[in-house]
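Descriptive structure summary
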Amino acid sequence: REYEVAVTIADPATGTVSVVPPHAPAGDTIKITCQPKAHYEVSRILMNGFDLEPDEGSGTRDEASTYTFEMPSRDCELYVAFTPIEYIVNTPTVTGGTVTSNPTQALPGARVALDVAPSAGYKLDTLTVTDANGAELELYDAYADPFVVPTIGTNGEGIGEGIQNPDGTIPVIFAMPATDVTVNATFTRIDYTIQYSSRGQGSLTTPTEISYVGDTV
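Residues numbered from 1 in each chain as written. Predicted model: local features only at pLDDT ≥ 70, side-chain atom pairs only at ≥ 80, totals over all residues. Heavy atoms only, no water.

**Concerning the nonpolar core**
Ranked by size, the top nonpolar core spans 22 residues in total, and within it V116, L124, L127, V129, V172, F174 and M176 carry the most contacts. At the level of secondary structure, the elements contributing two or more residues to this core comprise β9 (87-90), β13 (111-118), β14 (122-130), β15 (170-175) and β16 (181-189). With 4 residues, the top contributor of residues to this core is β16. Look past the residues within four positions of L127 in its chain and what remains in contact with it is V116, L139, F147, V172, V183, N184 and A185. Ranked by size, the runner-up nonpolar core spans 20 residues in total, among them I30, Y40, M71 and C76. (Core = buried A, V, L, I, M, F, W, Y, C linked by side-chain atoms within 4.5 Å. Buried < 20%, exposed > 50% of the residue type's maximum accessible area, 1.4 Å probe, protein only. Helix = DSSP H or I, 4+ residues; strand = E, 2+ residues; numbered from the N terminus. Contact = heavy atoms within 4.5 Å.)

The structure is reproduced here in structure tokens:
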């Protein structure tokens, strides 16, 4: 006797499923191929109520994935669910500050907020966000204006354009594309001036007029 595999897709508009062969005697190998729609991935696949594991080396995310099992001595019910992919925001670990993302994963078109926090004695130098193809995304400040790196002068004084909160953090916003993204940030040390004066007799040696936080003078 041959047994059948009945397929149910939670939302047929989100992907397709093929079963080869669709019916077979007990003991035969059955191969299932799940092909998500663009920007979707398999979120759940059940055979008679039990999870199936993908074949080794099978596709991930919006690529086709395959599953194999041995036909039991009964008809089978296959359930497959596809869900939209939440793409990843990769943030850097760099000297001179931190960048955190909220959220760290998002659907295409979702609003992503970056919190850029220079360390004491540092200022943000450059900030870009690139998609999986290397294209730079448009960045905005908290007021939805094009993002400008805050200009920090000598001694940490803010001058020129750019928004920096009183706590030193810099808000940045962008719209998530349909790929993972990578945040690239660099920070540079702030110049602090040293003024020397002397009174009375004697001389004063002035080794430097510019120093940085943490330097020994």
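**Some words on the side chain of D131**
Within the fold, D131 resides in the loop between β14 and β15. For D131, the residues in contact, after removing those within four places along its chain, are L137, P177, T179, D180 and V181.

**Describing the sheet that holds strand β10 (residues 93-94)**
With antiparallel pairing, 4 strands are arranged side by side in an open sheet as β10-β11-β13-β15. Edge positions in the sheet fall to β10 and β15, since each of these pairs with one other strand and no more. For β13 and β15, the ladder comprises 6 bridges, and the chain directions are antiparallel. By the bridge assignment for β15, V116 is matched with I170. (Pairing = 2+ DSSP bridges.)

**A word on the pattern of salt bridges**
As enumerated under the stated definition, the model contains 2 salt bridges in all. The closest approach of N and O atoms between D75 and R1, which form a salt bridge, is 4.0 Å. Remark: R1 occurs in the segment before β1 (2-9) and D75 occurs in the loop between β7 (65-70) and β8 (76-84); sequence separation between them is 74 residues. With relative accessibility at 70%, the residue R1 sits in the exposed group. One salt bridge in this structure joins R44 and D51, with 2.7 Å as the shortest N-O distance. By relative accessible area, which is 40% here, R44 ends up partly exposed. (Salt bridge = Lys/Arg side-chain N within 4 Å of Asp/Glu carboxyl O.)

**Looking at a negative patch on the surface**
Residues E2, E4, D28 and E70 make up a contiguous surface patch of negative charge. Here E2 is to be found in strand β1. (Patch = residues over 30% accessible without salt bridge, like charges linked within 9 Å, V, L, I, M, F, W, Y side chains within 5 Å. Areas by Shrake-Rupley, 256 points an atom, 1.4 Å probe, with all protein chains shown as cover. Lys, Arg positive; Asp, Glu negative; His and termini not counted. Charge placed at Lys NZ, Arg CZ, Asp CG, Glu CD.)

**Quick word on the sheet that holds strand β3 (residues 23-25)**
Spatial ordering of the open sheet is given by β3-β1-β8-β5-β6, a layout of 5 strands whose pairing is mixed. At either end of the open sheet lies a strand with only one pairing partner, and these are β3 and β6 (50-51). With 5 bridges joining them, β1 and β8 adopt parallel strand pairing. The residue bridging V5 from the neighbouring strand is C76, located in β8.

**Overview of the confidence of the model for the protein**
With 86% of its residues at a pLDDT of 70 or more, the protein has an overall mean of 88. Scored below 50 in pLDDT, residues 209-214 makes 19 contacts in the model with residues more than four places away or belonging to other chains. (pLDDT = per-residue confidence, 0-100.)

**With respect to the pairing of β1**
One ladder, built from 3 bridges, connects β1 with β3; its direction is antiparallel. Bridged to Y3 within β3 is A24.

**Quick notes on unusual backbone geometry**
Look at the link from V20 to P21: it is a cis peptide, with omega at -10 degrees. As for its placement among the helices and strands, P21 is situated in the loop between β2 (15-20) and β3. In this chain, N102 is followed by P103 through a cis amide linkage whose omega measures 0 degrees. On the secondary structure map, P103 appears in the loop between β11 (97-102) and β12 (105-106). Positive phi outside glycine occurs at H39, with the angle close to 70 degrees. Looking at where H39 falls in the secondary structure, it is placed in the loop between β4 (29-36) and β5 (40-47). Taking the relative accessible area as the measure of exposure, H39 reaches 35% and is therefore partly exposed. Even without being a glycine, A144 presents a positive backbone phi close to 65 degrees. We classify A144 as exposed; its relative accessible area is 56%.

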